[in-house]
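# Chains, contacts and geometry: an overview
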Amino acid sequence: MSTENDKAWNKQEFEAALRGMENYYHIHHPYHTLMNEGKLTKKQIQGWVANRFYYQVCIPIKDANILANCPDRETRAKWVQRIMDHDGHPGDPGGIEAWIQLGMAVGLTREEIISEQHVLPGVRFAVDAYVNFARRSEWHEAASSSLTELFAPKIHQQRLNNWPEHYPWVEPEGYNYFRKRLTEARRDVEHGLAITLDWYKTREQQDRMIQTLKFKLDVLWTMADAMYMAYINDMPPYFNVEK
């Protein structure tokens, strides 16, 4: 016998449930709270930028895996734009290059950014788990996991609003990535939401999708955990091991 809790959400209810997952977004992590309040040191900002670069370079790989598993031509024609947004194309050097410019604006060199020498094991493991999830999952599920983009414009706008005041030493050209993603993320959300709201019909499927989104939120939160340990608590990996 079915209960009210088993009843499928309509599209409006389902979207509201997805948006309600914003409570788990890393905008609420202490690392990001301190960042937004202007309480991070230059080294802590640099650590975040250097580690987040690994996420940036893996996003188009994640999206390429989704494309590889997707038999729908119309979806592929739209989804491929995400890869071009990050990797670049004629007339646009792309988001990865914009992130490198952010790294240089906070005082890192291009070489140390792209070498990934500062990437923490916890960050690498979390990002790799996400790429592997996209590689192995049914393509609708992998595509829907990208809906953390629902919450991204808010965090980008916070940085654009607060960083110039809190971190005046950051070179202005470093903000191009955040500006770029304000429009791209909103476009991507529209497409990702359409796929998600159309595909998951039963309450069981919808609940599973909520857990898929939670997995992606866990990836982002875990990345911030690793950085908090290393740069806030001053406990980087093997800090207590004699070298």
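What counts, and at which threshold
Residues numbered from 1 in each chain as written. Predicted model: local features only at pLDDT ≥ 70, side-chain atom pairs only at ≥ 80, totals over all residues. Heavy atoms only, no water. UniProt positions renumbered as here; feature names shortened; annotations may be inferred. Helix = DSSP H or I, 4+ residues; strand = E, 2+ residues; numbered from the N terminus. Buried < 20%, exposed > 50% of the residue type's maximum accessible area, 1.4 Å probe, protein only. Expected span 1.5 Å × (residues − 1). Bend = angle between axes of the 7 residues up to and from the residue. Contact = heavy atoms within 4.5 Å. 1 Å grid on protein atoms, 1.4 Å probe; cavity = no way out; pocket = protein on both sides within 12 Å on 5 of 7 lines; lining within 4 Å. Points joined across faces, edges and corners; volume = space filled by probe spheres on them. Nonpolar A, V, L, I, M, F, W, Y, C, P; charged D, E, K, R; others polar. Patch = residues over 30% accessible without salt bridge, like charges linked within 9 Å, V, L, I, M, F, W, Y side chains within 5 Å. Areas by Shrake-Rupley, 256 points an atom, 1.4 Å probe, with all protein chains shown as cover. Salt bridge = Lys/Arg side-chain N within 4 Å of Asp/Glu carboxyl O. Core = buried A, V, L, I, M, F, W, Y, C linked by side-chain atoms within 4.5 Å.

The name an unreviewed UniProt entry assigns to the protein chain is Pyrroloquinoline-quinone synthase, from the organism Crenothrix polyspora. The UniProt entry for the protein chain carries this comment under Pathway (unreviewed entry): "Cofactor biosynthesis; pyrroloquinoline quinone biosynthesis." What the UniProt record of the protein chain gives under Catalytic activity (unreviewed entry) is the line "6-(2-amino-2-carboxyethyl)-7,8-dioxo-1,2,3,4,7,8-hexahydroquinoline-2,4-dicarboxylate + 3 O2 = pyrroloquinoline quinone + 2 H2O2 + 2 H2O + H(+)".

So, about the overall build of the protein chain. A tally of regular secondary structure across the protein chain gives 11 helices and 0 strands. Ordered by position in the sequence, the α and β elements of the protein chain form the string α-α-α-α-α-α-α-α-α-α-α. The principal-axis extent of the C-alpha atoms belonging to the protein chain is close to 60 × 45 × 35 Å. Burial statistics for the protein chain: of 243 residues in total, 50% are counted as buried.

On to helix α9 (residues 152-166), then. Under the 1.5 Å per step criterion, the end-to-end length of α9 is 20 Å for 15 residues, consistent within 8% with the ideal 21 Å. Taking the largest bend as the criterion, α9 deviates by roughly 25°, centred on L160, and proline P164 comes between one and four positions later. Buried residues of α9: A152, P153, I155, H156, R159, L160, N162 and W163, and no others. Close packing links the buried residues of α9 with α2 (30-36), α3 (42-69), α5 (95-105) and α10 (176-199).

One pass over the structure, following the stated rule, counts 2 cavities of 30 Å³ or more. The space that makes up the largest cavity amounts to roughly 240 Å³. Lining the largest cavity are 20 residues, with R52, Y55, E149, A152 and R181 sitting closest to its centre. Mapped by element, the contributors of at least two residues to the lining of the largest cavity are α3, α9, α10 and α11 (203-232). With 5 residues, α3 is the largest single contributor of residues to the lining of the largest cavity. Class assignment for the residues of the lining of the largest cavity results in 8 nonpolar, 6 polar and 6 charged. Space inside the second largest cavity adds up to approximately 50 Å³. When its residues are assigned to classes, the lining of the second largest cavity shows 3 nonpolar, 3 polar and 1 charged.

The grouping of M229, M235 and F239 at the surface amounts to a nonpolar patch, some 260 Å² of accessible area in total. Positionally, F239 belongs in the segment after α11. For F239, a relative accessible area of 45% puts it in the partly exposed group.

Another aspect to go through is the nonpolar core. Counting 63 residues, the largest nonpolar core has L18, W48, W163, F178 and M223 as its most contacted members. Secondary structure elements with two or more residues in this core: α1 (11-19), α2, α3, α5, α7 (121-136), α9, α10 and α11. Among the elements that make up this core, the one with the highest residue count is α11 (11 residues). One finds I66, L67, C70 and W79 within the second-largest nonpolar core, a separate group that totals 10 residues.

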